[in-house]
Amino acid sequence: LHTLLELGESMLADGADVRRVEQTLTRMGLAYGAVRMDVFVITSSIVLTMCFPDETSVTQTRRIVSYGTDMWKLDRLNDLSRRICATRPSFDVIDQEYEKILKGPTYSPAMQCAVYAMTAGAFAIFFGGNLWDGIASLFVGALIRVTLYAFAKVHMKAIFSNILCSLISGMACILMCRVGPGQHVEMIMIGNIMLLIPGIMLT
């Protein structure tokens, strides 16, 4: 049960949708001898009950406190879950594979700032802005990533972090139109606000 919750928490924290997590945990539990699995997942919590042939059952709840999107880890967690269902390895083997996934590669802060900048610039142009709006949006996008890093260092809750980032980016967008290359403040704003929308969760 503990192993299932660890895997489910990692999948959810790395961007899996709740239905996928429910189905994966159910299949793995049945593969290891449970006769019934009751799994309830929302973006902030997992409630899992395993029922066994001797009519006993165990339940645990796991609170999910961090979210992100890491397709590299998610792909490997999905692969591990399929292998667990197919071969039923020992828990030592599962723990070793799980540790390898957790220690997988991550993008550097500089790379993440560059990706935020390019994403914001692309969205600004996509929603009707011109090239200058896209260029202005690049700087604001990088600023958002730096601001999120700073708020993460002081362990600020996500809702307050997003509100403050929206405020800061809004002021930066106005500044880019007043003294920078930007020409349409609304296009720069929408390009950058897309960075703060939890798209996978909403989808």
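For the structure itself, consult the block above.
A few points on the structure. (Residues numbered from 1 in each chain as written. Predicted model: local features only at pLDDT ≥ 70, side-chain atom pairs only at ≥ 80, totals over all residues. Heavy atoms only, no water.)

A look at helix α4 (residues 91-102)
Since the α-helix turns once every 3.6 residues, residues separated by three or four places project in the same direction.
Thought 1: Here α4 spans 16 Å end to end across twelve residues, near enough to the 16 Å set by a 1.5 Å rise per residue.
Thought 2: Those residues of α4 that sit buried are I94, Y98 and I101. Each buried residue of α4 sits inside an arc of 55 degrees when the element is viewed along its axis, so together they form one side. The exposed set on the far side of α4, more than 90 degrees from its buried face, consists of D92, Q96 and K100. (Helix = DSSP H or I, 4+ residues; strand = E, 2+ residues; numbered from the N terminus. Expected span 1.5 Å × (residues − 1). Buried < 20%, exposed > 50% of the residue type's maximum accessible area, 1.4 Å probe, protein only. Arc of directions from axis to C-beta.)

Concerning the pattern of salt bridges
Thought 1: For the coordinates displayed, the defined rule picks out eight salt bridges.
Thought 2: In this structure, the salt-bridge partner of R62 is E6, at a minimum N-O distance of 3.0 Å. Remark: E6 occurs in helix α1 (residues 2-13) and R62 occurs in strand β3 (residues 57-63); sequence separation between them is 56 residues.
Thought 3: Accessibility expressed as a relative area gives 23% for E6, which makes it partly exposed.
Thought 4: Beyond isolated ion pairs, a larger network of salt bridges with shared partners links D79, R83, E97 and K100. (Salt bridge = Lys/Arg side-chain N within 4 Å of Asp/Glu carboxyl O.)

Brief notes about the layout of surface pockets
Thought 1: The space that makes up the second largest pocket amounts to roughly 170 Å³.
Thought 2: In this structure, the second largest pocket is lined by L1, T3, L4, L7, M28, G29, Y32, M50, F52, I84, F91 and I94.
Thought 3: Breaking the lining of the second largest pocket down by element, the ones donating at least two residues are α1, α2 (18-31) and α4.
Thought 4: The dominant element in the lining of the second largest pocket, judged by the number of residues it contributes, is α1, at three residues.
Thought 5: Per-class residue counts for the lining of the second largest pocket are ten nonpolar, two polar and no charged. (1 Å grid on protein atoms, 1.4 Å probe; cavity = no way out; pocket = protein on both sides within 12 Å on 5 of 7 lines; lining within 4 Å. Points joined across faces, edges and corners; volume = space filled by probe spheres on them. Nonpolar A, V, L, I, M, F, W, Y, C, P; charged D, E, K, R; others polar.)

Focus on the packing of aromatic side chains
Thought 1: A complete count under the given rule lists three aromatic pairs for this structure.
Thought 2: Here Y32 and F91 contribute two aromatic rings whose centre-to-centre distance is 5.5 Å and whose plane-to-plane angle is 25 degrees, an arrangement assigned as stacked. Residue Y32 is located in the loop between α2 and β1 (36-42), and its partner F91 is located in helix α4; the two are separated by 59 residues in the primary sequence.
Thought 3: Centre to centre, the rings of F126 and F127 are 5.1 Å apart; their planes meet at 80 degrees, and the pair counts as edge-to-face.
Thought 4: An aromatic cluster of three or more residues is present, and its members are F123, F126 and F127.
Thought 5: Looking at R145, its charged tip hangs above the ring of Y116, at a distance of 5.1 Å from the centre.
Thought 6: When the ring centre of Y149 is taken as origin, the NZ or CZ atom of R145, which lies over that ring, is 4.1 Å away. (Phe/Tyr/Trp six-rings, centres within 6.5 Å; stacked < 30°, edge-to-face > 60°. Lys NZ or Arg CZ within 6 Å of the ring centre and 35° of its normal.)

Here's the deal with the sheet that holds β1
By definition, the strands of a sheet pair up through backbone hydrogen bonds, in either a parallel or an antiparallel sense.
Thought 1: Overall, antiparallel pairing links the three strands, which are arranged β1-β2-β3 in an open sheet. Each end of this open sheet is capped by a strand with a single partner; those strands are β1 and β3. Averaged over all adjacent pairs, the angle separating strand axes in this sheet is 5 degrees, with direction ignored.
Thought 2: Taken together, the seven bridges between β1 and strand β2 (residues 45-51) define a ladder with antiparallel strand orientation. Residue pairing for β2: V39 is matched across the bridge by L48.
Thought 3: Here α1 sits on the sheet in contact with β1, β2 and β3, set at roughly 150 degrees to β2.
Thought 4: Running over the sheet, α2 touches β1 and β2 and is turned about 155 degrees from β1. (Pairing = 2+ DSSP bridges. Axes fitted to C-alpha atoms, helices over the stretch in contact; angles between N-to-C directions. Contact = heavy atoms within 4.5 Å.)

Structural notes on a nonpolar patch on the surface
Thought 1: A grouping of Y107, M111, V115, M118, L138 and F139 is seen on the molecular surface, where their side chains present a nonpolar patch of about 630 Å² in accessible area.
Thought 2: Among the elements that make up the nonpolar patch, the one with the highest residue count is helix α5 (residues 109-126) (three residues).
Thought 3: Mapped onto the elements, F139 comes out in helix α6 (residues 131-153). (Patch = residues over 30% accessible without salt bridge, like charges linked within 9 Å, V, L, I, M, F, W, Y side chains within 5 Å. Areas by Shrake-Rupley, 256 points an atom, 1.4 Å probe, with all protein chains shown as cover.)

Brief notes about the side chain of S10
Thought 1: Residue position: S10 is located in helix α1.
Thought 2: Classification of S10 as buried rests on a relative accessible area of 9%.
Thought 3: Setting aside residues no more than four positions away along its own chain, S10 makes contact with L77, Y98 and L102.

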